[in-house]
Amino acid sequence: MNSFDEVNESYTLAEAIKEAQRCLHCKVPMCQKGCPIGNDIPEWIHELRKGNLGNAIKIIRTKSNLPAVCGRVCGHERQCEGSCVLGKTGKHINIGKLERFVADFDAEAGLTHEDVAPKSRGKVAVIGSGPAGLTVAGDLARKGFSVEVYEVESEAGGMLMYGIPEYRLPKEVVRREAKYVEELGVAFHFNSHAGKDFTIDDLFKSGFDAVFIGIGAGKPRTLDVPVFIEGREKAVSSTSGMPGVRHATHFLRRAQMNLEGTMASKEVDVQPGDRVFVVGCGNTAMDAARTALRYGAESVEVVYHRTIDRMAALRAEYDDAVKEGVAFNWNSSIVEIYTDSRKKMKRIVIETRNPDEEPVRRTVEADKILMAVGAVPSTRIPSTTTGIKMDEKGYLRTRDVPYGMTTRKGVFAGGDVAARTATVVHAMRDAKMVAEGIAQYVDAVKLIEMIG
């Protein structure tokens, strides 16, 4: 297995200040406009360049509850760094790396501690502790709400903990950020499965004024490909139950559990010597491909039905995958799978369709297919709660006023579960807007009760 140590190194203090000194402190900061949450980038960089790291992190935290996470995994090249005016010269400010440095320095030195606001404004339950859940919890705690988070796993973080590999986002960083939110006065309940251990009705009965659903999209989409099983006359049309086909998120979760010592290596979906094919080309696909190599895969190929210009993955993630040995099949799809009588994968057929050319098919030996083609929300919460409706694709329906409220009064949703996110920071942006909507709703209800 290759190393799972973090691949990107941080700045030293001297290097960080030197990089910050390159910032032009623009009067019209395009970097800030490029940030989905409107982080006041020039101001905190200006404080950093003067050596005022305490001021720098205070400015960052006015917008972000997860600066050490964002500094590592945000799509900077398409957001703040991609908007930096110095990018025209080919050398934008390394904003993400600076944010990571400031957040890490703050944590190690213990520079800042926020006062805990009195919890007298209302009581809110948050289901899920991923980027959206942690953001809603932190923002509402600062606004004076009593917040309790219910998480199905044994630790906070959601996809930050189990969906992004250790080499990109060390889990101690996630634990540290969750701890900071907890210190704002937020209570966490782990191993609590919404729709199974409790329902939304139970939460309201126990005195909550509002509930936020931020469980993400945890039900992966499937691959409908003809499967030819040795000894059978007809192909089956579903890969469901096939031992060689796994969802990328399932693989990444098991890999993380193995690293933490809670799962044996033999239970991880990729084994040494496997020939692995990853379907999809987003950041999850890149994570799965690179993690498969770290688990000793003989070869890893990405199969994507579009071109490199249409991939959802960041170019930096693609470049790193190529450097590590991942191969790419563009304009391609897996069209047939062949197994032995026990459904053990033997080979697959890949079809490539380039413009103005006849389709080309090739048969290759294969052991594992990792699906990274997106997911939809679980139906457990809507099925155990009256009044919550989903759209035709399975996402929770929400409204704009108050922002994020579902079709049931007092129940809000944000992030992947409401189909309003693409990255960690986009989930945070949506969650911040929902937190405002929750605050407005609870205030209005209490005012009406007081007047009545």
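Residues numbered from 1 in each chain as written. Predicted model: local features only at pLDDT ≥ 70, side-chain atom pairs only at ≥ 80, totals over all residues. Heavy atoms only, no water.

Description of the layout of surface pockets
In this structure, the second largest pocket encloses a volume near 620 Å³. Lining of the second largest pocket is provided by 26 residues; of these, Asn 8, Arg 72, His 76, Glu 81 and Ala 316 occupy positions nearest its centre. At the level of secondary structure, the elements contributing two or more residues to the lining of the second largest pocket comprise α5 (67-73), α7 (95-109) and α14 (315-324). In terms of residues, the lining of the second largest pocket owes the most to one element, α14, which gives 5 residues. Split into classes, the residues belonging to the lining of the second largest pocket amount to 6 nonpolar, 7 polar and 13 charged. (1 Å grid on protein atoms, 1.4 Å probe; cavity = no way out; pocket = protein on both sides within 12 Å on 5 of 7 lines; lining within 4 Å. Points joined across faces, edges and corners; volume = space filled by probe spheres on them. Helix = DSSP H or I, 4+ residues; strand = E, 2+ residues; numbered from the N terminus. Nonpolar A, V, L, I, M, F, W, Y, C, P; charged D, E, K, R; others polar.)

Digging into the pattern of salt bridges
Here the structure, examined in full by the defined rule, presents 37 salt bridges. A salt bridge links Arg 253 to Glu 153; the shortest N-O distance between them is 2.7 Å. Taken as a pair, Arg 253 in helix α12 (residues 248-259) and Glu 153 in the loop between β2 (145-150) and α9 (159-162) lie far apart in primary sequence, 100 residues in all. When its relative accessible area of 30% is taken as the criterion, Arg 253 is described as partly exposed. Salt bridges linked by common partners bring Arg 168, Asp 287, Arg 290, Arg 294, Glu 317 and Glu 324 together as one network. (Salt bridge = Lys/Arg side-chain N within 4 Å of Asp/Glu carboxyl O. Buried < 20%, exposed > 50% of the residue type's maximum accessible area, 1.4 Å probe, protein only.)

Describing the packing of helix α8 (residues 131-142) against helix α16 (residues 424-451)
Closest axis-to-axis distance for the α8/α16 pair is 8 Å, and the angle between their directions is 40°. Classified by the angle between their axes, α8 and α16 sit oblique to one another. Crossing angle aside, the handedness with which α8 passes α16 is right-handed. Packed against α8, whose contacting residues are Pro 131, Ala 132, Thr 135, Val 136, Asp 139 and Leu 140, the element α16 presents Val 424, Ala 427, Met 428, Ala 431, Lys 432, Ala 435, Ile 438 and Ala 439 at the interface. Within the contact of α8 with α16, the residues separate by chemical class into 11 nonpolar, 1 polar and 2 charged. (Axes fitted to C-alpha atoms, helices over the stretch in contact; angles between N-to-C directions. Parallel < 35°, antiparallel > 145°, perpendicular 65-115°, else oblique. Left-handed = near helix turned anticlockwise from the far one by under 90°. Contact = heavy atoms within 4.5 Å.)

Some words on the pairing of strand β1 (residues 122-127)
Burial analysis of β1 places 5 of its 6 residues in the buried class, which makes it a mostly covered element. Pairing of β1 with β2, which is carried by 6 bridges, proceeds in the parallel orientation. Bridging across to β2, Gly 122 finds its partner in Phe 145. Crossover β1 to β2 through α8 is right-handed. Relative to strand β4 (residues 210-213), β1 runs parallel, the two sharing 4 bridges. Bridge pairing links Ile 127 to Ile 213 in β4. (Pairing = 2+ DSSP bridges. Right-handed = clockwise from strand over helix to strand, strands pointing away.)

Coordinates in, geometry out; function isn't part of it.
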